[in-house]
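Each chain is listed here by its residues.
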Amino acid sequence: MSDIQEPAEPKTEEEIGGVDRDPQETSEWLEAFEQLRVYHGEERARYIVRQLHLSALSNAVELPELVQTPYINSIPADEEPTYPGDLGIEKKIRAIIRWNAAVMVHRAYKRKLELGGHIATYASAATLYEVGFNHFFRSRENGQPGDSIYFQGHASPGMYARAFLEGYLTEENLENFRQETGGKGLSSYPHPWLMPKMWEYPTVSMGIGPLNAIYAARFNRYMLNRGIKDTSGSRVWAFLGDGECDEPESLGALSIAAREGLDNLTFVVNCNLQRLDGPVRGNFKIIQELEAVFRGAGWNVIKVIWGSDWDPLLEADDSGLLVKRMGEVVDGEYQKYVVEPGSYTREHFFGRYPETAKLVEHLNDDQIRGLRRGGHDPLKIYAAYHQATTRANGKPTAILAHTVKGWATGDMSEGKNAAHQTKDFKETQIRKFRDRLNIPIPDSKLDPEHPAYYLPDKKSAEVEYLHERRKALGGYVPRRVVRAPKEQLPPLELFADHLKASTRKPPPSTTVAFNAVLGKLIADKPDPEKGKNWGVGHKIVPIIPDEARTFGLDTLFGAVGIYSSVDQRYEPVDIAAKITKMHYREAKDGQVLEEGINEAGSLASFTAAGTAYANHGVNMIPFYIYYSMFGYQRVGDLIWAAADSRAKGFLLGATAGRTTLNGEGLQHEDGHSPLLFSVVPSCRVYDPAYAYEVAVIIHDGLKRMYQDQESCFYYITLYNEGYDMPGMPSGVEEGIVKGLYLLKQSDLKAEKGRKVQLLGSGVLLKDVVVAQQILAEKFGVAADVWSAPSYVQLRREALECERWNMLHPDEPARVPYVMSQLSAAEGPIVATSDYMKALPEMIAKWFPDRFFALGTDGFGRSDSRPNLRRHFEVDAEHTAYAALWRLALAGKYPKKDLAKAMKELGIDPNHPDPATA
């Protein structure tokens, strides 16, 4: 048998996609297409192929989706719907808002307060917003579901200028742009925390808005499918810039939106072709690139590139060379055409081919320069929005609108690389800007430092039209209206099993304790016959990033189901477990959001659920549990945005602690998450040790957030190490919530002065109890043991007292809670934590010369728990020795005995420093 292979046989028609059953008909089709291309041009040929492709798709003939189309508008001019508004009045309204937005930033900058501000972004996007305001954006003010609108952060001056025209904001407000400390100012960007009656969604940390918008649209469907609220009439709009799409968060979840069939979602990408410093894709074409990304991810894409002025030129383009030229030119050239005279565009754009040059022979240079991009044409934008909101094909829609950065600002910033940083007009520029916008302000009111705002009379056609359009759409946007009722909550007794000592074998971890608390809450239903009016079970939103089995929460799969927009289309491999409700069950009304390996998406779902009380008038209660190490440091920007959004709910950092997670090592062992969360003002941070502490903290959170309606959320650490859970001592609930209580007082009558206070939290509290025993039995030292569930809360309350005392010197001084507990306690204070020493040291300043912290500074590593605790010097022996050392420094224990004590405790004085080892 020869080793030489014969040439492969040519593939048959059947192998490449089907048998040619009628070669004659095939030949006629190909001949017709070739004639079309030759006699009517490549553009016409492309158009026909595209129409055939769309026809095939609409008739369920499966074809590969085209990911890129010619550089022209997606909606032909003859298919545009009739514009329903008054174009003349709307143009005047846009001009007024453009003017006031720019003047506001200009005046603030001229005060020389170094406040900053941006003009060019809104200038490029004004038409995109105004078409929406006048015809699409539905308000929630009237109690209807309304729309969610994620405004591009840098465009905020335009939103303020519109609110000024509506009468919602005053000139005093505009004069205090970016000057908020006096209480009458406007936040630099959309910040619900700073302007809680106007802004709903923080967006200026770029990439956060698009990601949150996707998950908000999905959460709308979640509530609809679970029967929580009818959100079928709600649309989510996300406005973003083309440069913003370089952020991984902006585009990272596109496939989720397509997979979930979120046709209630519209992205509007303001493609002004510029980043903050220059072109987005100067050598390429960002609109084409984004089209391929969105189409490839399964989105509808509508390109709005050319304004109506271009329609006659395209209609006359028999050769197809104009469309070809549009595709040849890179973005850097398109930007250049904006800043050069029309003669430059005539020569360098149209002049490439004789046929295209002939197309504009009848236009003078000014007319050529005035050919608008599609993003500045309300007819084109309306057509795109109309198609996006009426097409029901189960896909989200991305609108790619070509605009000019700084549009209408003339030589101040229009199309220039420095447009984003330009904040003020020169005197001649402000006059040209006024004239271009046709604003009726006389020269006498154009002071170079403080040009006048323009506010028409309330009876003017512009103002009346503006109000009429918003009335037709249900009210004004953006407006944040909170209608959520005060929730009736279960009493602490619901968790009675957690308040008494556990008899479970093997002993539970705090993660297991939390699971039981969560299960109790989910099962909680109202029972009016028994006088039980509460029932929060259906409002609980468990969020898990593909670690349910790690956390022991897989029982929820069968019990309440995993949310799926399409139910379950397969029989799971573990269906045999159905009897015990343990199988992997997806359901359209499923309660669990199982997000996959996706911390960013999980946090976005947390934010959507945690803000439903404001955005939907429904108290949803999210519990997001995840690997603590992959929490704040991975999605810190999203957590900060959640806080800015005034989100409520519980974040559970599981597998917590630097020494508690066996075997995983440096990337997984968390020794700092409470410190990171401590920087978020609205986050209450806890490190509970026992089941009853977990129950008390969660119950306090439910009451604080959903009954008292406080704008806060909770971060709670959870451990995977099992140990005996004692019953709750009497009267410690307040101490748990405040962050400190006496757990176990020493009953040893030690030699005078040989007394210490030992503080512990989380998983190491039990080791501190062991240290108490060591000190008593081996060294005759009495030690009281304190549980410190929250150093963060102790510090915050102490700082509040300190500030009050400073500002009220004539009033009786307030005593911080931590001092009321520890000041009279005898001896040094030693605090041991499974986190960095900086965590317990948060309270050190109130106990000078008495306080010493043990912690886990340094990189984590893989080993057993005892070995890790010995390595980081936080085990019971090191805690006991630290107490002896501090007593020796205070003269209450012989220094000469310390070396002997170290030897007895097995401590190596030459062990490398774990903080640097």
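Residues numbered from 1 in each chain as written. Predicted model: local features only at pLDDT ≥ 70, side-chain atom pairs only at ≥ 80, totals over all residues. Heavy atoms only, no water.

1. A closer look at the packing of helix α20 (residues 510-523) against helix α27 (residues 691-707)
Running from amino to carboxyl end, α20 crosses α27 at an angle of 40°, the nearest separation of the two axes being 9 Å. With respect to α27, the element α20 is oriented oblique. The way α20 lies across α27 gives a crossing that is right-handed. Two secondary-structure elements touch here, α20 through Thr510, Ala513, Phe514, Val517 and Leu521 and α27 through Ala691, Val694, Ala695, Ile698 and Leu702. Class assignment for the residues of the contact of α20 with α27 results in 9 nonpolar, 1 polar and no charged. (Axes fitted to C-alpha atoms, helices over the stretch in contact; angles between N-to-C directions. Helix = DSSP H or I, 4+ residues; strand = E, 2+ residues; numbered from the N terminus. Parallel < 35°, antiparallel > 145°, perpendicular 65-115°, else oblique. Left-handed = near helix turned anticlockwise from the far one by under 90°. Contact = heavy atoms within 4.5 Å. Nonpolar A, V, L, I, M, F, W, Y, C, P; charged D, E, K, R; others polar.)

2. Quick word on the sheet that holds strand β4 (residues 300-304)
Judged by pairing direction, the sheet is parallel, and its 5 strands sit side by side in the order β1-β2-β3-β5-β4 without closing on themselves. Edge positions in the open sheet fall to β1 (148-150) and β4, since each of these has one partner strand only. Shown here is a sheet whose adjacent strand axes are inclined to one another by a mean of 15°, direction ignored. Where strand β2 (residues 236-241) lies against strand β3 (residues 265-271), 6 bridges are found, and the strand directions are parallel. (Pairing = 2+ DSSP bridges.)

3. Some words on the pattern of salt bridges
Inspection of every chain in the model, using the stated rule, returns 52 salt bridges. Residue Glu877 pairs with Arg870 through a salt bridge whose shortest N-O separation is 3.5 Å. Between Asp897 and Lys896 there is a salt bridge, with the nearest N and O atoms lying 3.3 Å from each other. Where salt bridges share partners, they join Glu427, Arg431, Arg434, Asp435 and Asp443 into one cluster. (Salt bridge = Lys/Arg side-chain N within 4 Å of Asp/Glu carboxyl O.)

4. Side note on the state of the cysteines
By the definition in use, this model includes 0 disulfides. Cys683 takes part in no disulfide bond, and the closest cysteine sulfur, belonging to Cys712, lies 8.6 Å away. Unpaired in this structure, Cys801 has its nearest cysteine sulfur neighbour in Cys712, at a distance of 19 Å. Note on Cys801: relative accessible area 7%, which makes it buried. (Disulfide = S-S within 2.5 Å. Buried < 20%, exposed > 50% of the residue type's maximum accessible area, 1.4 Å probe, protein only.)

5. What about the packing of aromatic side chains?
According to the stated counting rule, one finds 49 aromatic pairs in the structure shown. Judged by centre distance (5.7 Å) and plane angle (25°), the rings of Tyr71 and Tyr334 are stacked. In this pair, Tyr71 is assigned in the loop between α1 (23-58) and α2 (87-110) and Tyr334 in helix α12 (residues 331-339), connecting sequence segments 263 residues apart. Across the pair, exposure class does not vary: Tyr71 and Tyr334 are buried alike. Plain terms: the ring middles of Tyr337 and Tyr344 are 6.1 Å apart, the flat faces sit at 55° to each other, and that makes the pair tilted. One residue, Lys648, lies across the ring of Tyr613, its end atom 4.0 Å from the ring centre. Above the face of the Trp846 ring, Lys845 is positioned so that its terminal group lies 5.0 Å from the ring centre. (Phe/Tyr/Trp six-rings, centres within 6.5 Å; stacked < 30°, edge-to-face > 60°. Lys NZ or Arg CZ within 6 Å of the ring centre and 35° of its normal.)

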